[in-house]
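This is what each chain is made of:
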Amino acid sequence: MTDTPRAYIGCLASYNAGRHHGRWLDLDCEDTFNEQLKSILDTAPVPDAEELWVFDTEGLPVPGEMSPVEALKYGLIVSLCRDEHIPDELMGLVLDTTDSSTHDPDTVLTRCQEVWLGSASTPGEWAEEYWGDCMGDLPTELSYYVDWERYAKDMERNGAIRFIRVAHNEYLVVSNH
């Protein structure tokens, strides 16, 4: 996956005439996007070209074909979230679990920041750190009796949080509220 979200945007009139005409555009800057779209239409090999479509994407959290405006929206979401160090997996989860009418960059970033509780190498490691943050450290002689992995699983089962494995030794911790 590329760092900069991109889309292959092509002319529908050319496509329907059996010719491919379009190009890959970066989706991280709104300023030049409309000019680039106009350039694709202006250089189309068929007369009266007026409609564009996204035929392929790279680096977007949503699959499939879409309109160029929708692709730009998701590209701006990806760029903003990555600038704020939001993991792609978390961004994808937020997009999957929220109404698509609320998918503007600032709203998605805010929601990611609201639900992201942190990262840890194991759920138990996160649970122990969470306990310490909320309740203070357990005396060493008591800490041997606590099964932090089980405590983490109980928190997940009761619906308060979710652990998302993103790598061999990395979990994202997400609030379900």
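Residues numbered from 1 in each chain as written. Predicted model: local features only at pLDDT ≥ 70, side-chain atom pairs only at ≥ 80, totals over all residues. Heavy atoms only, no water.

**Student:** It is not clear to me how the packing of aromatic side chains should be interpreted in this structure. Could you clarify?
**Tutor:** Two aromatic rings, taken as a pair, are described by how far apart their centres are and by the angle between their planes. Tallied over the full model, the rule gives seven aromatic pairs. Here Y8 and W24 contribute two aromatic rings whose centre-to-centre distance is 5.9 Å and whose plane-to-plane angle is 65°, an arrangement assigned as edge-to-face. With a gap of 16 residues between them, Y8 in strand β1 (residues 6–11) and W24 in strand β2 (residues 22–26) connect regions that are remote in the sequence. Note on W148 and Y151: the rings are 5.9 Å apart at their centroids and 75° apart in plane angle, and the pair reads as edge-to-face. Residue W148 and its partner Y151 are both found in helix α8 (residues 148–157); the two are separated by three residues, about one turn of the helix. Judged by its relative accessible area of 11%, W148 is buried. (Phe/Tyr/Trp six-rings, centres within 6.5 Å; stacked < 30°, edge-to-face > 60°. Helix = DSSP H or I, 4+ residues; strand = E, 2+ residues; numbered from the N terminus. Buried < 20%, exposed > 50% of the residue type's maximum accessible area, 1.4 Å probe, protein only.)

**Student:** Explain the packing of helix α4 (residues 88–96) against helix α5 (residues 105–115) to me, please; I cannot follow it from the model alone.
**Tutor:** Two quantities define a packed helix pair, namely the angle between the axes and the distance from one axis to the other. Contact geometry of α4 with α5 gives a least axis separation of 10 Å together with a crossing angle of 110°. One finds that α4 runs roughly perpendicular with respect to α5. For the pair α4 and α5, contact is made by L90, M91, V94 and L95 and by V108, R111, C112 and V115, respectively. A breakdown of the residues in the contact of α4 with α5 according to their chemical character gives seven nonpolar, no polar and one charged. (Axes fitted to C-alpha atoms, helices over the stretch in contact; angles between N-to-C directions. Parallel < 35°, antiparallel > 145°, perpendicular 65-115°, else oblique. Contact = heavy atoms within 4.5 Å. Nonpolar A, V, L, I, M, F, W, Y, C, P; charged D, E, K, R; others polar.)

**Student:** Help me out: how do you make sense of the nonpolar core in this one?
**Tutor:** Ranked by internal contacts, the top residues of the largest apolar core, which has 36 residues, are I9, C81, L90, M91 and C112. Put simply, the parts of the chain that give this core at least two residues each are β1, α2 (33–42), β3 (52–58), α3 (68–83), α4, α5 and β6 (170–175). Apart from the residues within four sequence positions on either side, C81 is in contact with I86, M91, V108, L109 and C112. Within the second largest apolar cluster, ten residues are counted, among which are A120, W126, M155 and I161. (Core = buried A, V, L, I, M, F, W, Y, C linked by side-chain atoms within 4.5 Å.)

**Student:** Explain α8 here, please?
**Tutor:** Side chains that are three or four residues apart share a direction in an α-helix, a result of its 3.6 residues per turn. Within α8, burial applies to W148, A152 and M155. Along α8, the residues classed as buried sweep out an arc of 60° about the axis, all on the same side. Opposite its buried face, α8 presents the exposed residues R150 and R157, each directed more than 90 degrees away. Of the surrounding secondary structure, the elements contacted by the buried residues of α8 are α6 (123–135), α7 (140–143) and β5 (161–167). Where α8 begins, one side-chain oxygen reaches toward the backbone nitrogen of E149, 3.2 Å away; that side chain belongs to D147. (Arc of directions from axis to C-beta. Polar contact = N/O pair within 3.5 Å; in protein donor to acceptor, adjacent residues only side chain to side chain.)

**Student:** Can you walk me through the pairing of β1 in this structure?
**Tutor:** The two faces of a sheet get side chains in turn, since along a regular strand they alternate between them. The element β1 is largely enclosed, with a buried count of five among its six residues. Examined bridge by bridge, β1 and β2 share five bridges and lie antiparallel to one another. Paired with G10 across the bridge in β2 is G22. In the sheet, β1 pairs with β3 via six bridges, with the strands oriented antiparallel. By the bridge assignment, G10 is partnered in β3 with W53. (Pairing = 2+ DSSP bridges.)

**Student:** Is there a simple way to think about the sheet that holds strand β4 (residues 116–120) in this case?
**Tutor:** Two strands in a sheet stick together by hydrogen bonds in their backbones, pointing the same way (parallel) or opposite ways (antiparallel). Pairing is antiparallel across the open sheet formed by three strands, whose spatial order is β4-β6-β5. Strands with a single pairing partner mark the edges of an open sheet, and in this sheet they are β4 and β5. Taking the axes of each pair of neighbouring strands and ignoring which way they run, one obtains an average angle of 20° across the sheet. In this sheet, β6 lies alongside β5 in antiparallel orientation, the contact comprising six bridges. Residue pairing for β6: I164 is matched across the bridge by L172.

The values reported here are purely geometric and, on their own, carry no functional implication.
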